[in-house]
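The residues making up each chain are set out below.
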Amino acid sequence: MWNVWKIWLCFGAVLLSCSGYTWPLPDQLSAAQQRELKELQEDVETEISDICCNNGLKRCCVETKKSLAERKIEEWKELIDSLKELKSTPDEEKAMKWLEEYNEELRQRQAKSAEANWAQSTNITDENAAKVVDVTMELTKWSLKKMEEGKKFDTSGFSDDVKRQFGMITKSGSSSDEEKTRKVAEIGTELEKIYSTSTACLPSGTCLKLDPDLEGILAKSRDYDRLTWAWLSWRDAVGPPMKDKYAEWVALMNEGAQENGYADKGVIWRGAYEMPNDTLEEMVDGVWEKVKPLYTQLHAYVRRKLSETYGEDKVLTTGHIPAHLFGNMWAQQWNNIYDIVVPFPDQPAIDVSDTMVEQGYDPLRMFKTAEAFFVSIGLRPMPQTFWDKSMITRPDDREVVCHGSAWDFYHLPGDTDVRIKMCTKVNQEDLQTIHHEMGHIEYFLTYEDQKTLYRGGANPGFHEAVGDTIALSVNTPGHLKKIGLLQNIEGNQGTEFQINELLKMALSKVAFLPFGLLIDKWRWRVFSGDITPDKFNTEWWNLRMKYQGIKPPVERTDEDFDPGAKYHIPSGTPYIRYFFSFVAQFQFQQALCEEAGHDGPLHTCDIYQSKKAGAKLKNMLSMGESKPWPEAMKAITGQDKLDPSAILKYFEPLEKWLREQNKNEELGWE
C-alpha cells in the first residue's frame with residue numbers, strides 16, 4: 001500500500017509542481033492524515049529531486065508534463081479520489097453505525113466458519129477439508145478489507161469502547177497475498193489430519209489409535225518396554241510427516257505478521273493478553289519462579305517412587321525422569337500414576353470411575369451431571385440444540401478429531417447453538433473434562449449479548465479457567481458424596497486422607513505448570529527465528545529438561561519432530577492460556593468460596609448450590625472481552641493481576657508434607 005501511494009503521489013507532485021499548484025486537500029483531512037500526507041510529500045519530493053536534479057526540476061517538468069498529462073491523467077484522477085477516501089471520519093455516530101454492521105457481518109461469517117470446521121472435525125474428509133480452506137480464505141479476505149476500511153477512521157476523539165473495537169479490527173497477522181493465505185489454511189488442515197488419523201501398528205498388523213488405544217497403554221501399563229513402544233510409536237507416526245510442513249507453516253505465518261508490522265507471529269499471540277511492552281513472558285516467568293519450589297518437591301517425591309517401581313537402573317533418584325513413565329502421552333499431568341505414588345495406600349481412595357460404571361453412568365448422564373452443577377449456582381441449562389447437535393461419543397463410521405472442545409456458533413440470543421465435541425469414556429477424568437468444556441459453553445451463553453468482537457474470554461486463559469474452577473469443587477469428596485458417587489467416606493477425614501487427595505490433585509495441577517509454560521516458550525522462539533527447523537527437536541527437549549526435569553526414554557535427533565505429537569502444535573493453538581488458567585482457577589475458586597461463605601481449608605471448598613458464588617462468576621463472564629483482562633480479574637477476585645498465592649495456599653499442607661519426605665533427597669535436576 002505504501003509503495004502504491006508513493007507512485008501516485010510522485011506522478012501528482014510532478015504534475016502539480018509544473019502547474020504551480022500546491023499539495024491537495026490538506027484542509028479536508030484530519031490532523032493525523034495531514035501529518036501522514038506531509039510525510040508522503042517529503043518522500044515524494046526526495047524522489048523527484050533524485051530523478052530530476054541533474055537536469056534541473058524545471059527542465060524535467062517540461063519534458064515530462066506532456067506525457068504525464070496524456071498518459072497518466074486517469075491515474076491522477078485516481079489519486080485525487082483516493083485522497084478523498086483517505087479523509088478521516090471524525091463522526092462517532094457514523095463510526096458506531098459502521099461497527100454495528102461490521103459486528104453483524106462478522107457474526108454471520110464466524111458462524112459459517114464454525115459450521116465448516118465442525119463438519120471437518122466430526123467427519124474428516126478431503127471434501128470437508130477443502131471447505132474449511134475456502135471459508136477460511138473468505139473470512140481472511142473480508143477481515144483484511146474491513147481492516148483497511150477501519151483504518152480510515154480517526155478514533156482519537158472516540159469513546160474508549162469504540163476505540164477498543166477499532167483496535168481489535170485493525171490488528172491482523174494475515175497476509176494480503178491470497179495464495180499464501182490459502183497455503184496457510186491448507187497446511188493447517190493437513191497437519192491436523194496427520195495428527196487425527198495416524199496410528200501405530202503392532203507386528204501382528206493391528207493398528208492402534210492415539211485415543212483410546214495408545215493413551216490407554218500409557219495410563220494403565222506398568223511394563224517399561226511396552227510404555228516405551230507406545231510412547232515412541234506415536235511420535236514416529238506423526239512427527240516426520242509434519243516436520244517440513246510445520247516449518248513452512250511457521251514461515252508463512254511470520255510473513256503475514258511482518259506484512260502487518262509485527263516482528264513475528266509470536267508477538268501477535270502474546271498481544272492477545274494486552275500486556276504493556278510485550279511483557280507477558282516476563283509476567284508468567286515471575287509466576288513460575290514462585291510455584292517452582294512446590295513443583296520441585298513434587299518432582300523429587302515422584303522420582304523416588306518411580307525409581308522404587310522400575311528400578312534404579314531405569315530411573316535414577318537424581319536428575320531427569322524418563323518421559324514415558326507418568327501415565328500420560330505427553331507427561332503433562334501425572335494423575336494416572338497415583339497408584340504408584342499414593343502416600344497412604346490404606347486410606348480410602350477417591351476414584352469414582354468404577355462406581356460410575358456400577359451405577360449405569362453413560363456419556364449422556366455424565367453431561368447431565370455437569371449441567372446440574374452449573375444450574376445449581378444460577379447459570380443456564382444447556383439449550384436443546386446442544387443435546388441435538390453435540391458429538392459426545394466417538395462414531396464408528398468415520399474419522400473424527402477426538403480432542404475435547406467446546407464450540408460457539410455465534411447464534412443470536414434466543415437462537416442458541418453451542419456444542420461440545422468429545423469421545424467420552426465413563427470415568428472420573430472425563431467427568432472432570434466435561435465440566436471443563438461445559439465451562440466454555442456457559443461463558444458463550446453468558447456473553448451472548450455482547451457485540452461479536454467481544455464474544456470471547458477476557459483473555460484466552462480466562463476461558464480455560466472457568467470450567468476448571470468448577471471442577472475444583474466437583475472433585476472434592478464432599479461434592480462426590482452429595483451427588484451419590486462416593487459412599488464409603490464418612491465425616492471429616494484425617495491428615496493422611498487429606499494428603500492423599502492433595503497429592504492426587506497436585507499430580508494434575510502442579511505437575512502441569514512447567515509443561516503449560518514451555519510449549520509456547522518453544523513456539524515463541526520458533527516464530528522469532530531463535531529456533532530454526534534444523535534444531536526444532538533438540539530445543540524442544542532442552543526446554544522439557546529445563547522446566548519439567550524429564551528426558552526422552554530413547555535417543556531423539558533433529559530428524560524427529562516430537563512437538564508434533566501434542567495436538568496444539570499441529571492445530572496452531574496457543575498454549576500459554578493453560579498456564580494462565582491453571583493459576584487463575586485457584587484465584588477464582590478462592591474468591592467464589594469466600595462469596596459462598598466457605599469455612600475451612602481451600603481444598604475442601606464446594607460451591608455447589610451457591611447462588612451467591614454463581615452470581616459473582618456470572619458477572620465476570622458477562623463482560624466477555626469488552627474490557628482488558630485485569631478488569632475482569634478484579635471483578636471476580638478483587639485483584640488485577642495473575643497471583644499464585646491462591647494455588648500455593650491450596651497446596652500448603654501438601655508442600656509441608658513433601659518437604660519432610662524429601663529431606664534426604666537431592667532436589668532438582670540440573
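Think of each chain on its own: its residues are numbered from 1, step by step along the sequence as written. The predicted origin of the model limits local features to residues at a pLDDT of at least 70 and limits the giving and counting of side-chain atom pairs to 80 or more, whereas totals for whole chains, interfaces and linings rest on all residues. Calculation of side-chain values draws on the structure's entire complement of heavy atoms; hydrogens and water are dropped beforehand.

A.B. asks: Is there a simple way to explain the nonpolar core in this structure?
C.D. replies: We define a nonpolar core as any set of buried Ala, Val, Leu, Ile, Met, Phe, Trp, Tyr and Cys residues linked to one another through side-chain atoms lying within 4.5 Å. Remark: exposure states derive from per-residue accessible area (1.4 Å probe, protein chains only) relative to the maximum for the residue type, with buried under 20%, exposed over 50%, and partly exposed in between. L298, V302, L306, F462, W522, M620 and F651 are the most contacted members of the largest nonpolar core, which totals 156 residues. The contact definition used throughout considers only heavy atoms, calling two residues in contact when any of these lie within 4.5 Å. If we ignore the near neighbours within four places in the chain, the residues touching V302 are F326, W334, I337, V341 and L507. Counting 14 residues, the second largest nonpolar core, distinct from the first, contains L99, F158, I169 and L453.

A.B. asks: Explain helix α15 (residues 363–376) to me, please; I cannot follow it from the model alone.
C.D. replies: Two residues of an α-helix separated by three or four positions point the same way, owing to the 3.6 residues in each turn. Over its 14 residues, α15 extends 20 Å from the first C-alpha to the last, a length consistent with the 20 Å expected when each residue adds 1.5 Å. Within the span of α15, buried status applies to P363, M366, F367, T369, A370, E371, F373, F374 and S376. Where α15 ends, the next residue or the one after it, G378, has phi of about 95 degrees, a positive value. Runs of E in the DSSP output that reach at least two residues are strands. Runs of H or I that reach at least four are helices, and both are numbered from the N terminus. Take the residue count of a helix, subtract one, and multiply by 1.5 Å to get its expected span.

A.B. asks: What should I look at first to understand the packing of aromatic side chains in this one?
C.D. replies: Here a ring pair, both rings aromatic, is described through the centre-centre distance and the interplanar angle of the planes. When the centres of two rings from Phe, Tyr and Trp lie within 6.5 Å, Trp using its six-membered ring, the rings pair. Their planes under 30 degrees apart give stacked, over 60 give edge-to-face, and anything left gives tilted. All chains considered together, the criterion is met by 49 aromatic pairs. Where W118 meets F409, the ring centres are 5.9 Å apart and the plane angle is 75 degrees; that geometry is what we call edge-to-face. Of this pair, W118 sits in helix α5 (residues 92–121) while F409 sits in the loop between β4 (405–408) and β5 (418–421), and the two are 291 residues apart along the sequence. For W118, a relative accessible area of 8% corresponds to the buried category. Between W249 and F527, the aromatic rings sit 6.1 Å apart at their centres with planes inclined by 45 degrees, giving tilted as the arrangement. Here F527 lies in helix α21 (residues 512–528) and W249 lies in helix α10 (residues 224–259), a separation of 278 residues in the sequence.

A.B. asks: What is the right way to read helix α7 (residues 160–169) from this model?
C.D. replies: Within α7, the full set of buried residues consists of V162, R164, Q165, F166 and I169. Here the buried face of α7 lies against α5 and α6 (126–150).

A.B. asks: Can you walk me through the state of the cysteines in this structure?
C.D. replies: Each disulfide is one covalent bond, formed between the sulfur atoms of two cysteines. Disulfides are defined in this document as cysteine sulfur pairs within 2.5 Å. Inspection of the entire model under this criterion finds three disulfides. Note on cysteine connectivity: C201 is disulfide-linked to C207, with sulfurs 1.9 Å apart. Note on the C201 and C207 pair: the S-S dihedral is about 95 degrees, so by sign convention the disulfide is right-handed. In this structure C201 comes out as partly exposed when scored by relative accessible area, which is 42%. On the basis of relative accessible area, C207 is assigned to the partly exposed category, the value being 37%. Disulfide pairing places C593 opposite C605 at an S-S distance of 2.0 Å. One quick way to see it: the torsion about the S-S bond of C593 and C605 is about -110 degrees, and its sign makes the bridge left-handed. Residue C593 is found in helix α23 (residues 576–596), and its partner C605 is found in the loop between α23 and α24 (611–621); the two are separated by 12 residues along the sequence. Residue classification places C605 among the buried positions, given a relative accessible area of 1%.

Don't take any of this as a statement about function, it's just geometry.
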